[in-house]
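# Descriptive analysis of the structure
What follows is the residue order along each chain.
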Amino acid sequence: MDAIDVDVPALDRAHVWHPYASVPPQVPVHQVVRASGVRLTLADGRELVDGMSSWWAAIHGYGHPRLDGALTAQLADMAHVMFGGLTHEPAVQLARTLAEMTGLPKVFLADSGSVAVEVAIKMAFQFTGRHRLLTVRGGYHGDTFGAMAVCDPVNGMHHLFSGALPQHVFAPRPPADHDEAYLAELTETVARHASELAAIIVEPVVQGAGGMHFYHPAHLRRLRELADEHGLLLIADEIATGFGRTGELFGCDHAGIRPDIMCLGKALTGGYLSLAATLCTERVAAGIGTLMHGPTFMGNPLAAAVANASLGLLAERPWREEVARIERGLRAGLAGAAHAPGVKDVRVLGAIGVVETLEPVDVGRVQDTVMRHGVWLRPFGRLIYTMPPYATGDDDLARITAAMTAAVADIGRDA
Ligand SMILES: *Cc1c(COP(=O)(O)O)cnc(C)c1O
């Protein structure tokens, strides 16, 4: 029906912005007509194994009956009501579950990850009365202005917006291995700026869109100690790392620490709807009093209902074993790429596999290669990476790593 009337590619080229793209985009976009399990079906009939979980989100895969059912059931009651002066069961259930999972009892339900980061920053500013943050290079915290200001200044293209961004303090990127010299430098940097700082904000253990770097938990532990020592808040942006992706439930669990403020998003609804959360301790909530934020779609019942179903599913599924199995599969499948020409590094943590190349990749060309191998990936910069749904079977996983290896071999022919 629709497919006959609507020339999707033509309308897309004419009207639609895609992420970090021009209109029309320089790299081709592909029309998806169906997503089910771990597979995407394109308009031309091709089926692709999804290696991206739609940017960390679809941890249970697509079209899961439990998540579909939760949405339909909620729709029968209400799709949305305002959250000012009203409340409802899906939102309070979700807040209770998140509080139990994180040990952080006060929950702000935001409508996207970037907004959750804005709220976290606002909490820290309101709590301390100070307006400067310390972060590390190589981070990514979202695309709104407050969040952008703590993204890596180079990857985050700060030069495009210079003058419009607040100037925060950047420590060097935390190294992969436990590094005493780094810890000493961090200690010195925090001490030097402590009197003007409200908070330290970092992604725990895995830096996602800022470069897919993994760092040693000792560095996160030191940031917790330094925050305590100097009376600063620690904000953990777990939007990418939350809900088992790194092999622990949260990235902070690798370091055995609890932040004062935590941001969650991405996999929160199992990839169904945009929803995020900012959580904080009793002490922070009490110190803030009235928090000056309130999005129109705050606590959206449909999103909260599907988040409740997704967290229920996560509690039931053996995600720890699944993520460990994917980690082994990624290590085995990507081992051959480590010494290929043009490759700088191959790294795996939990259900995240990364091939870092020496030169920026040709996104369209890598995409063609992996699609020929029946796989969907979205490389960027010098990174060809995967974070597949937890239910990805061994055969599909092998297909993803074979596609990545083929893309690397193709790059190597030019290297
Ligand atoms: C994706 C991401 C964000 C931003 O979330 P959006 O929902 O895209 O606004 C913030 N922080 C981290 C660590 C992320 O990975």
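In this text the structure is predicted, and so the values were computed from the model without any measurement.

### Considerations on the domain arrangement of the protein chain
The assigned domain composition of the protein chain is domain 1 (8-63 + 321-412) and domain 2 (66-316). On the side of domain 2, 26 residues touch domain 1, which itself brings 26 residues to the contact. Here domain 1 meets domain 2 over a buried area of about 2,000 Å², counting both sides, of which 66% is carbon and sulfur. Where domain 1 touches domain 2, the interface holds zero salt bridges. There are 13 residue pairs in polar contact (both at pLDDT 80 or more) connecting domain 1 and domain 2. Class assignment of the residues belonging to the side of domain 1 that touches domain 2 gives a composition of 20 nonpolar, four polar and two charged.

### Details of the site of the ligand
Near the ligand, the surroundings consist of Ser112, Gly113, Ser114, Tyr140, His141, Gly142, Glu203, Asp237, Ile239, Ala240 and Lys266. The separation between an oxygen atom of the ligand and a polar side-chain atom of Ser114 is 2.6 Å. Side-chain polar atom of Asp237 to a nitrogen atom of the ligand: 2.7 Å apart, as the coordinates give it. For the ligand, the protein covers 83% of the area, taking 380 Å² as the surface of the free molecule. Tallied by class, the residues present in the shell around the ligand amount to three nonpolar, five polar and three charged.

### So, the packing of aromatic side chains
A complete count under the given rule lists three aromatic pairs for this structure. Plain terms: the ring middles of Phe145 and Phe161 are 5.7 Å apart, the flat faces sit at 85° to each other, and that makes the pair edge-to-face. On the criterion of sequence distance, the pair formed by Phe145 in helix 7 (residues 145-148) and Phe161 in the loop between helix 7 and strand 6 (169-171) is long-range, its members being 16 residues apart. Judged by relative accessible area, Phe145 falls into the partly exposed class, the value being 43%. Pairing Phe380 with Tyr385 gives two aromatic rings, centres 5.5 Å apart and planes at 90°, and the pair type is edge-to-face.

### Considering the environment of Trp17
As for its position among the elements, Trp17 is in the loop between helix 2 (8-15) and strand 1 (32-36). Taking the C-alpha atoms as reference, Trp17 lies 35 Å from Asp394; in sequence the two are 377 residues apart. Discounting chain neighbours no more than four positions away, the residues touching Trp17 are Ser22 and Val23.

### Considering unusual backbone geometry
Cis rather than trans, the peptide bond between Val23 and Pro24 has omega equal to -5°. When you line up the elements, Pro24 lands in the loop between helix 2 and strand 1. One non-glycine residue, Phe243, adopts positive backbone phi at about 70°. Position of Phe243 relative to the elements: it lies in the loop between strand 10 (233-237) and strand 11 (261-264).

### Focus on the sheet that holds strand 2 (residues 39-42)
With mixed pairing, four strands are arranged side by side in an open sheet as 1-2-3-15. Looking along the sheet, the strands with just one partner apiece sit at the ends: strand 1 and strand 15 (375-376). Two strands pair when backbone bridges link them, and strand 1 and strand 2 are joined in this way by four bridges, in the antiparallel orientation. Considered in strand 2, the bridge of Arg34 is made with Thr41.

Scoring rules and cut-offs
Residues numbered from 1 in each chain as written. Predicted model: local features only at pLDDT ≥ 70, side-chain atom pairs only at ≥ 80, totals over all residues. Heavy atoms only, no water. Domains from an automatic or database assignment. Contact = heavy atoms within 4.5 Å. Buried area = accessible area lost by both parts, 1.4 Å probe. Salt bridge = Lys/Arg side-chain N within 4 Å of Asp/Glu carboxyl O. Polar contact = N/O pair within 3.5 Å; in protein donor to acceptor, adjacent residues only side chain to side chain. Nonpolar A, V, L, I, M, F, W, Y, C, P; charged D, E, K, R; others polar. Near = heavy atom within 4 Å. Areas by Shrake-Rupley, 256 points an atom, 1.4 Å probe, with all protein chains shown as cover. Phe/Tyr/Trp six-rings, centres within 6.5 Å; stacked < 30°, edge-to-face > 60°. Helix = DSSP H or I, 4+ residues; strand = E, 2+ residues; numbered from the N terminus. Buried < 20%, exposed > 50% of the residue type's maximum accessible area, 1.4 Å probe, protein only. Pairing = 2+ DSSP bridges.

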